[in-house]
Amino acid sequence: MMLPPDIGLPSQIRPDLPLAELLERLAASTTLVEIDSFGLHTVLSPLNRRTAVASGLRLTVHGPYGYDIDPGSPDEATRRKAVDLHRRHLEAAAEIGALVYVAHPDYMEPPGPRDPGVAAALQRTIADLADLQGDTGVPVAMENMPGVGSSHFTAPGDLDLGELGLTLDCGHAAISGTLDAFLADPHARLAHVHLHSNHGPSDADDPHRPLGEGVVEAAPVLAAARAAGATVVLEHLDEPSAMASLAWLEGSGLV
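Notes on the structure in this doc start here.

Calculation criteria
- Residues numbered from 1 in each chain as written.
- Predicted model: local features only at pLDDT ≥ 70, side-chain atom pairs only at ≥ 80, totals over all residues.
- Heavy atoms only, no water.
- Buried < 20%, exposed > 50% of the residue type's maximum accessible area, 1.4 Å probe, protein only.
- Helix = DSSP H or I, 4+ residues; strand = E, 2+ residues; numbered from the N terminus.
- Arc of directions from axis to C-beta.
- Contact = heavy atoms within 4.5 Å.
- 1 Å grid on protein atoms, 1.4 Å probe; cavity = no way out; pocket = protein on both sides within 12 Å on 5 of 7 lines; lining within 4 Å.
- Points joined across faces, edges and corners; volume = space filled by probe spheres on them.
- Nonpolar A, V, L, I, M, F, W, Y, C, P; charged D, E, K, R; others polar.
- Phe/Tyr/Trp six-rings, centres within 6.5 Å; stacked < 30°, edge-to-face > 60°.
- Salt bridge = Lys/Arg side-chain N within 4 Å of Asp/Glu carboxyl O.

### Here we look at helix α2 (residues 46-55)
Step number 1: Among the residues making up α2, those that are buried are Asn 48, Arg 49, Thr 51 and Ala 52. An end-on view of α2 places all buried positions within 160° of arc, on one side of the element. Opposite the buried face of α2, by more than 90 degrees, sit the exposed residues Leu 47, Arg 50 and Ala 54.
Step number 2: Buried residues belonging to α2 abut α1 (19-26), β2 (32-36), β3 (58-62) and α3 (76-95).
Step number 3: Positive phi appears at Gly 56, one or two residues downstream of α2, with a value of about 75°.

See the structure below:
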């Protein structure tokens, strides 16, 4: 089946495939693809940008994250390095006409207490990303992280997103026990959704299970996304899980 225009699939389900081959493959199921800008799919590649534009698909871009990028570092040089990396990816995302650019906040392993210095650094990064959003014309949406204490953004109100939108990662929110709070938050500027499931706090390793296998209820999430005009991506880690969620949505009459 073909997904409706507001629901898409991520490139990370097949990180082994060149972007051109992957986009052609995904076009059989969706008109919306999230390019995870890492490895073979980085939008910093001129070839990948030409491929993305030529595909004719509607696109979102997931910006880089990991231990080598720290947007919440109290060390200003380290934080600025993270912002500069996002700048390069945002400029590339603008070139391919991306609808949304997803950015991560901090992530801590093991979880720890809230650090005012990190929170303040993240607020500076949010302000910088808002400036880049204005410069590039690509909406930036900050993603919530999984597990209380694992980040300074796991619940509504943890950070002031200012001019940025929210990427509501439903699986992350389920692990943190904050999904209902995010859906009910009157201040949330919901721009984008990562939809997948898990068994809640007991799934702290964030398995990105197919819909129907866990506690995430897709119907209220889709209703909130559609009311806000937000895009939705079935954010799985492999192709079988993505296809299982697609089939579950069809069987449940949600698409």
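### Structural notes on the layout of surface pockets
Step number 1: Quantified by volume, the largest pocket comes out at close to 580 Å³.
Step number 2: When its residues are assigned to classes, the lining of the largest pocket shows 14 nonpolar, 8 polar and 7 charged.
Step number 3: Counted as a void, the second largest pocket has a volume near 190 Å³.
Step number 4: Considering the residues around the second largest pocket, the lining is formed by 14 residues, among which Leu 159, Leu 161, Asp 185, His 187 and Ala 188 are closest to the centre.
Step number 5: Across the lining of the second largest pocket, the residue classes break down as 8 nonpolar, 3 polar and 3 charged.

### Looking at the environment of Leu 85
Step number 1: With respect to the secondary-structure elements, Leu 85 resides in helix α3.
Step number 2: Sequence separation between Leu 85 and Pro 64 is 21 residues, and the spatial gap between their C-alpha atoms is 8.0 Å.
Step number 3: Setting aside chain neighbours within four positions, we find Leu 85 in contact with Pro 64 and Ile 69.

### So, the packing of aromatic side chains
Step number 1: The tally for this structure, following the rule as stated, stands at 2 aromatic pairs.
Step number 2: Ring centres of Phe 38 and Tyr 65 lie 5.2 Å apart, and the angle between their planes is 85°; on these two criteria the pair is classed as edge-to-face. Of this pair, Phe 38 sits in the loop between β2 and α2 while Tyr 65 sits in the loop between β3 and α3; the two residues are 27 residues apart in sequence, bridging distant segments of the chain.
Step number 3: We classify Phe 38 as partly exposed; its relative accessible area is 28%.
Step number 4: On the basis of an interplanar angle of 90° and a centroid distance of 6.0 Å, the ring pair of Phe 153 and Phe 182 is categorised as edge-to-face. Separated by 29 residues along the polypeptide, Phe 153 in the loop between β5 (140-143) and β6 (165-169) and Phe 182 in helix α6 (residues 179-184) bring together distant segments of the chain. Of the two residues, Phe 153 and Phe 182, both sit in the buried class.

### Focus on the pattern of salt bridges
Step number 1: Considering all chains together, one arrives at 12 salt bridges under this definition.
Step number 2: The shortest N-O distance in the salt bridge between Arg 226 and Asp 6 comes to 2.7 Å. Here Asp 6 lies in the segment before β1 (7-10) and Arg 226 lies in helix α7 (residues 218-228), a separation of 220 residues in the sequence.
Step number 3: Here Glu 239 makes a salt bridge to Arg 25, at a shortest N to O gap of 2.7 Å. One end of the pair, Glu 239, is in helix α8 (residues 239-251); the other, Arg 25, is in helix α1, with 214 residues separating them in the sequence.
Step number 4: We classify Glu 239 as buried; its relative accessible area is 17%.

Any link to function would need more than the numbers given here.
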